[in-house]
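# Fold and contact review
What follows is each chain in one-letter form.
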Amino acid sequence: MPIIEIHVLEGRSSEVKARAAAAITQAAAEGFGVSKDTVRILVTEHKKDEFYVGGRAGRATDKAKADPVAENKDEKS
């Protein structure tokens, strides 16, 4: 029985998480050659200050939207 653990930032709706779980379940069942009924998915949500990208709290996409020039400088350094 595949058990898949997913960590995301809080704020996604139940519908979005259910849609993702259905797609992941389908892929896991096909990939492992098992019944969809045996796939288990655990979703853990985190607050922005509990999730770091590049040593900074929050999503990298949030930082890029706020200051795309600074983000590009960081990548080149």
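The sections below set out a description of the structure shown in this document. (Residues numbered from 1 in each chain as written. Predicted model: local features only at pLDDT ≥ 70, side-chain atom pairs only at ≥ 80, totals over all residues. Heavy atoms only, no water.)

On to the overall build of the protein, then. Secondary structure assignment for the protein yields three helices and four strands. Relative to its 77 residues, the protein shows a buried fraction of 14%. Expressed as a percentage of contacts within the protein between residues at least 6 apart in sequence, the contacts between residues at least 24 apart total 59%. (Helix = DSSP H or I, 4+ residues; strand = E, 2+ residues; numbered from the N terminus. Buried < 20%, exposed > 50% of the residue type's maximum accessible area, 1.4 Å probe, protein only. Contact = heavy atoms within 4.5 Å.)

Moving on to the pattern of salt bridges. Following the criterion strictly, the structure yields one salt bridge and no others. In this structure, the salt-bridge partner of lysine 17 is glutamate 45, at a minimum N-O distance of 3.4 Å. With lysine 17 in helix α1 (residues 14-32) and glutamate 45 in strand β2 (residues 40-46), this residue pair connects regions lying 28 residues apart in the sequence. With a relative accessible area of 24%, lysine 17 lands in the partly exposed category. (Salt bridge = Lys/Arg side-chain N within 4 Å of Asp/Glu carboxyl O.)

What follows covers the side chain of threonine 25. Topologically, threonine 25 is positioned in helix α1. Engagement of the side chain of threonine 25 in a polar contact is seen with the backbone oxygen of alanine 21, the distance being 2.7 Å. The residues touching threonine 25, leaving out its near neighbours within four places in the chain, are Lys36, Val39 and Ile41. (Polar contact = N/O pair within 3.5 Å; in protein donor to acceptor, adjacent residues only side chain to side chain.)

A separate point is α1. The end-to-end C-alpha separation of α1 is 26 Å, in line with the 27 Å expected for 19 residues at 1.5 Å each. Three or more residues of α1 are buried, namely Thr25, Ala28 and Ala29. Burial along α1 is one-sided: seen end-on, the buried residues are contained in an arc of 95 degrees. Along α1, the residues that are exposed and aim more than 90 degrees away from the buried face are Glu15, Arg19, Glu30 and Gly31. (Expected span 1.5 Å × (residues − 1). Arc of directions from axis to C-beta.)

So, about the environment of alanine 21. The residue alanine 21 is located in helix α1 in this model. Taking the C-alpha atoms as reference points, alanine 21 and leucine 42, 21 residues apart in sequence, are found 9.1 Å from one another.

Next up on the list: a nonpolar patch on the surface. On the surface, Met1, Ile3 and Leu42 cluster together into a nonpolar patch covering about 350 Å² of accessible area. Inspection of the secondary structure puts isoleucine 3 in strand β1 (residues 3-9). By relative accessible area, which is 57% here, isoleucine 3 ends up exposed. (Patch = residues over 30% accessible without salt bridge, like charges linked within 9 Å, V, L, I, M, F, W, Y side chains within 5 Å. Areas by Shrake-Rupley, 256 points an atom, 1.4 Å probe, with all protein chains shown as cover.)

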